[in-house]
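Working through the structure, step by step
Each chain, letter by letter, is given below.
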Amino acid sequence: MRPVHTALAVLVAAVWGFNFVVIEIGLDHFPPLLLSALRFLVAALPAVFFVGRPKVAWKWIAGVGIALGIAKFGLLFTGMDAGMPAGLSSLVLQIQAVFTAVLAAVLLRERPGRVRVTGMAVALAGIAVAAVDGGTSGPVLGFTLVVAAAACWGVSNVLTRKASPPDALNFMVWVCTVPVVPLFILSLLLEGPERDLAALRSLDWSGVGVIAYVAWVSTVFGFGAWGYLLRRYPASSVAPFSLLVPVFGMSSAALVLGEQVSGLRWLAAVLLVGGVALTSLAPARPRARSAAVSAGSRPAAADASPVR
């Protein structure tokens, strides 16, 4: 990769890592489901009027919108609101790579090789260590919700691979239109109209900045830049930069929020990031060469485009 594009990839990882700190700040202003709804509303509008018509079938947009927008981010924001630290959330969420590999093996018949299975085992060991650390520094419910969010992210990754969107930014903007109304309804039912109205009435520049960052910087810019890199370089060259996300997430949480990073958390980070690297970068073995040829198989760029 050219140095300028390497710098862009690192910048995107930093943006996505710092996003967890911004979410933590945003939860001081908004209930979690309302914050998630506002994030997708602002990300979709007015961008949806400029990206053109959807380039994939609506069933894939709806499926990813439900799995990613409603389930994954709803669970993530709720888990962090329940006390899950921002830095630890950025780390634990990377277990999505294991969920993605397992679901791809079951649903897409991709047989994981020995390296990938080893990576999954190492990553799960990292989650076990993170669970021990989380049990001493945060609520079990929050940890469980973030793991569930990672599972939903795995579902959305498999659906994205099936959709094979030719334009990542176009696809993401249209996906952002799906969760808006359901999340607003869930917020009204579960968080209450009084709490939602109080948050909106007390909206200040800090709250506006949070929404602008998670919607435009993290979502629109992040995915636009990531999609640009994937169009210019092989997925195997771009994907490793996503492993920097928990590094930036934990570091920024420590610097901005004052979160303590224990020895157990560093051990969990080493195991989880190493395991995810093996799981994500090791090629899966197709069932048969003839089946791959007949299907017109191609490198799965979507596999290297994590949704933050």
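Overview of the structure. (Residues numbered from 1 in each chain as written. Predicted model: local features only at pLDDT ≥ 70, side-chain atom pairs only at ≥ 80, totals over all residues. Heavy atoms only, no water.)

**As for the overall build of the protein chain**
Put simply, the rule is: Counting from the N terminus, the helices are DSSP H or I runs at least four residues long and the strands are E runs at least two residues long. Each accessible area is a Shrake-Rupley result for a 1.4 Å probe, and residues are judged covered by the shown protein chains and nothing else.
Within the protein chain, the regular secondary structure consists of 15 helices and 0 strands. By element, 70% of the accessible surface of the protein chain is carried by carbon and sulfur atoms, the whole surface being about 13,500 Å².

**Observations concerning the packing of helix α1 (residues 3–26) against helix α11 (residues 205–232)**
Defined as follows: In this analysis an axis means a line fitted to C-alpha atoms, helices contributing only their contacting stretch, and an angle means the value between N-to-C directions, from 0 to 180 degrees. Any angle between 65 and 115 degrees counts as roughly perpendicular, while under 35 counts as roughly parallel, over 145 as roughly antiparallel, and the rest as oblique. Each helix crossing is assigned a hand: it is left-handed if the near helix lies turned anticlockwise from the far helix by less than a right angle, otherwise right-handed if that turn is clockwise. Put simply, Ala, Val, Leu, Ile, Met, Phe, Trp, Tyr, Cys and Pro go in the nonpolar bin, Asp, Glu, Lys and Arg in the charged bin, and everything else, Gly too, in the polar bin.
Their axes nearest at 9 Å, the elements α1 and α11 cross at an angle of 155°. Between α1 and α11, the angle is such that the two are roughly antiparallel. Note that α1 runs across α11; the crossing there is left-handed. A class-by-class count of the residues in the contact of α1 with α11 yields 21 nonpolar, 6 polar and 1 charged.

**Examining the nonpolar core**
The following threshold applies: As used here, the term nonpolar core means buried Ala, Val, Leu, Ile, Met, Phe, Trp, Tyr and Cys residues forming a set that is joined through side-chain atoms within 4.5 Å. To sort residues, take the accessible area from a 1.4 Å probe on protein chains only and compare it with the maximum for the residue type: under 20% means buried, over 50% means exposed, and anything in between is partly exposed. Only heavy atoms matter for contacts: two residues are in contact if any of them lie within 4.5 Å across the pair.
Counting 86 residues, the largest nonpolar core has Leu76, Val92 and Leu93 as the members making the most contacts within it. Beyond its immediate chain neighbours, meaning those up to four positions away, Leu93 contacts Phe20, Lys72, Leu76, Val146, Ala149, Ala150 and Trp153.

**Here's the deal with a nonpolar patch on the surface**
Counted only if it meets this: Here the term patch refers to residues with relative accessible area over 30% and no salt bridge, with like charges joined within 9 Å and nonpolar side chains (Val, Leu, Ile, Met, Phe, Trp, Tyr) within 5 Å. We count a salt bridge whenever a side-chain nitrogen from Lys or Arg sits within 4 Å of a carboxyl oxygen from Asp or Glu.
A surface patch of nonpolar side chains, about 510 Å² in accessible area, is lined by Val181, Ile185, Leu186, Leu189 and Leu190. Relative to the elements of secondary structure, Leu186 occurs in helix α9 (residues 180–191).

**Examining helix α7 (residues 140–163)**
This is how it is decided: Helix span, expected: 1.5 Å multiplied by one less than the number of residues in the helix.
Here α7 spans 35 Å end to end across 24 residues, near enough to the 34 Å set by a 1.5 Å rise per residue. Immediately downstream of α7, the backbone of Ser164 shows phi near 50°, a positive value.

**Structural notes on the environment of Val122**
Residue placement: Val122 occurs in helix α6 (residues 114–137). A relative accessible area of 27% means that Val122 is categorised as partly exposed. Sequence separation of Val122 and Gly275 is 153 residues, and the distance between their C-alpha atoms is 4.7 Å. Excluding residues that lie within four positions of it along the chain, Val122 makes contacts with Leu271 and Gly275.

**Here's the deal with the packing of aromatic side chains**
Going by this rule: Note on aromatic contacts: the rings of Phe and Tyr and the six-membered ring of Trp form a pair at centre separations within 6.5 Å, being stacked when their planes are under 30 degrees apart, edge-to-face when over 60 apart, and tilted otherwise. Any Lys NZ or Arg CZ that is within 6 Å of a ring centre and within 35 degrees of that ring's normal is treated as a charge sitting over the ring.
Scanning the model with the defined rule gives 6 aromatic pairs in all. Look at Phe18 and Tyr213: their rings are 5.7 Å apart centre to centre, the planes differ by 80°, and that puts the pair in the edge-to-face class. Separated by 195 residues along the polypeptide, Phe18 in helix α1 and Tyr213 in helix α11 bring together distant segments of the chain. The exposure class assigned to Phe18 is partly exposed, which follows from its relative accessible area of 29%. Summarising the aromatic geometry, the rings of Phe40 and Phe73 are spaced 5.6 Å apart at their centres and angled 70° between planes, so their arrangement reads as edge-to-face. Taken together, the residues Phe40 in helix α2 (residues 32–44) and Phe73 in helix α3 (residues 58–81) connect sequence positions 33 residues apart. For the residue pair Phe40 and Phe73, the accessibility class agrees, reading buried in each case. The structure contains a cluster of three or more aromatic residues connected by ring pairs, namely Trp16, Phe223 and Trp226. The residue whose ring lies beneath Arg39 is Phe73, and the NZ or CZ to ring-centre distance is 4.2 Å.

**With respect to the side chain of Thr100**
Test applied: Any pair of nitrogen or oxygen atoms within 3.5 Å is treated as a polar contact; in protein, a donor-acceptor pairing is required on top of that, and neighbouring residues in sequence qualify only through side-chain atoms on both sides.
Structurally, the position occupied by Thr100 is in helix α5 (residues 96–107). A distance of 2.8 Å separates a polar atom in the side chain of Thr100 from the backbone oxygen of Gln96.

**Focus: the environment of Leu27**
The topology assignment puts Leu27 in the loop between α1 and α2. Leu27 sits 180 residues away from Gly207 along the chain, and the two C-alpha atoms are 9.3 Å apart. If near-sequence neighbours (up to four positions away) are discounted, Leu27 is found in contact with Pro32, Leu35, Phe77, Met80 and Asp81.

**A short note on helix α8 (residues 168–177)**
Where burial is concerned, most of α8 is hidden: 7 out of the 10 residues are buried. If you check which residues of α8 are buried, you get Asn170, Phe171, Met172, Val173, Trp174, Val175 and Cys176. Of the surrounding secondary structure, the elements contacted by the buried residues of α8 are α2, α3, α7, α9 and α11. Put simply, Asp167 is the residue that caps the front of α8, since its side-chain oxygen is 3.1 Å from the backbone nitrogen of Leu169.

**What about the packing of α9 against helix α10 (residues 193–201)?**
Between α9 and α10, the shortest axis-to-axis distance is 6 Å and the interhelical angle comes to 115°. Contacts from Ser187, Leu188 and Glu191 in α9 reach Pro193, Arg195 and Asp196 in α10. A per-class count over the contact of α9 with α10 returns 2 nonpolar, 1 polar and 3 charged.

**Here's the deal with the environment of Val115**
Secondary-structure assignment places Val115 in helix α6. Each C-alpha atom, one on Val115 and one on Thr279, is 7.3 Å from the other, the two residues being 164 residues apart in sequence.

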